[in-house]
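# Descriptive structure summary
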Amino acid sequence: MTEYKLLVSDDAPAESVAAHRFGGRPLVARDSKVVWPNCKECKLPMLFIGQMMVPAHDASSQNLILIFKCDRESICSSWMPDKGCNQVIVVPVGPTMTLMESPSADGCLHSITYGAMVADSSGEDIYDAMKNYVEKTNSTFDKILGYIYGEPDWIQNDETPNCKKCKKPMRFVATLNEGPDPMQTFNFGTGEAYLFDCACGGGKFLWQC
Ligand SMILES: [Zn+2]
Ligand SMILES: [Zn+2]
């Protein structure tokens with residue numbers, strides 16, 4: 001049996017609160033130099049997927065991991081970790097946070113906003129752990145957004161990325177699916193996305209289907 005920390009769809013937290021959230025605007029430090037990323041291929045601003053709140057590698061503080069991807073998959077390689085068609089930005093959580101305003105271009109903000117609570121479950125594999133959770137809580141599979149920590153459940157080959165800066169394999173943060181609403185998904189090609197971060201401050205994102 002493997003223990004999983006499932007991410008379960010929940011009411012959206014206030015945008016100003018540092019918390020797991022999908023959709024809405026990214027939260028950054030008030031004096032932050034973070035800029036909204038543009039896609040390297042189409043040059044247009046990316047879609048903000050959401051933010052995951054995770055402890056820093058030395059566990060001394062919390063970080064928000066901001067996830068962006070280009071939403072123009074028909075022309076851009078958004079699923080690849082190193083093409084510049086998605087972007088992970090790790091920002092420290094501090095006392096004075098502010099929301100980034102999105103560029104005026106279409107496709108920067110997701111159509112719906114929701115939060116995620118963490119629920120423990122266990123099973124022979126992730127599917128079994130999800131099934132156990134759904135049965136125990138009288139919930140539905142579409143409420144489960146993925147899971148955080150542990151090991152990635154690769155659909156294809158292990159693609160754990162190395163950090164560009166420090167060259168080490170990155171830390172697995174979460175596996176994410178397309179979201180709770182089939183009409184308003186993040187479009188990971190009906191697959192799953194994988195989020196990583198590094199002790200030196202970077203992060204990467206990719207998906208498989
Ligand atoms: Zn693009
Ligand atoms: Zn690194």
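Small disclaimer: the values here were computed from a predicted structure and weren't measured.

Reading the values: rules and limits
Residues numbered from 1 in each chain as written. Chains lettered and ligands numbered in written order. Predicted model: local features only at pLDDT ≥ 70, side-chain atom pairs only at ≥ 80, totals over all residues. Heavy atoms only, no water. 1 Å grid on protein atoms, 1.4 Å probe; cavity = no way out; pocket = protein on both sides within 12 Å on 5 of 7 lines; lining within 4 Å. Points joined across faces, edges and corners; volume = space filled by probe spheres on them. Donors = N, O, S within 2.8 Å, 3.2 Å for Na, K, Ca; no water. Tetrahedral: all angles 85-135°; square planar, octahedral: opposite > 155°, others 65-115°. Buried < 20%, exposed > 50% of the residue type's maximum accessible area, 1.4 Å probe, protein only. Salt bridge = Lys/Arg side-chain N within 4 Å of Asp/Glu carboxyl O. Helix = DSSP H or I, 4+ residues; strand = E, 2+ residues; numbered from the N terminus. Nonpolar A, V, L, I, M, F, W, Y, C, P; charged D, E, K, R; others polar.

Applying the stated criterion across every chain yields a total of one cavity of 30 Å³ or more. Space inside the largest cavity adds up to approximately 40 Å³. Together, Phe-22, Ile-49, Tyr-114, Leu-145, Leu-176, Asn-177, Gly-179, Phe-186 and Phe-188 line the largest cavity.

Surrounding the zinc ion (ligand 1) are the protein donor atoms Cys-39 (SG), Cys-42 (SG), Cys-70 (SG) and Cys-76 (SG), which sit 2.3 to 2.4 Å from the metal. Considering all four donor atoms around the zinc ion (ligand 1), angles at the metal cover 104 to 115 degrees and the coordination shape is tetrahedral. What makes Cys-76 buried here is its relative accessible area of 2%.

Next up on the list: the coordination of the zinc ion (ligand 2). Ligation of the zinc ion (ligand 2) by protein atoms is provided by Cys-163 (SG), Cys-166 (SG), Cys-198 (SG) and Cys-200 (SG), these donors lying 2.2 to 2.3 Å from the ion. Coordination geometry of the zinc ion (ligand 2): the four donor atoms subtend angles of 98 to 129 degrees at the metal centre, consistent with an arrangement described as tetrahedral. The sequence pattern describing where the donors of the zinc ion (ligand 2) fall on their chain is C-x2-C-x31-C-x1-C. A relative accessible area of 8% places Cys-198 in the buried class. Here Cys-200 falls in the partly exposed class, since its relative accessible area comes to 32%.

A few words on the pattern of salt bridges. Under the definition given, this model contains seven salt bridges. Through salt bridges with shared partners, a single ionic network connects Glu-15, Arg-25 and Glu-101.

Looking now at the layout of surface pockets. Over the atoms rolls a probe the size of a water molecule, and its path tells where empty space is left. Quantified by volume, the largest pocket comes out at close to 430 Å³. Looking at the largest pocket, it is lined by 20 residues, and the ones nearest its centre are Gln-87, Val-88, Gly-202, Gly-203 and Lys-204. Per-element accounting of the lining of the largest pocket gives the leading share, five residues, to strand β6 (residues 86-92). In terms of residue class, the lining of the largest pocket is made up of seven nonpolar, seven polar and six charged. Those elements that place two or more of their residues in the lining of the second largest pocket are α1 (126-137) and β9 (144-148). The element contributing the most residues to the lining of the second largest pocket is β9, with three residues.

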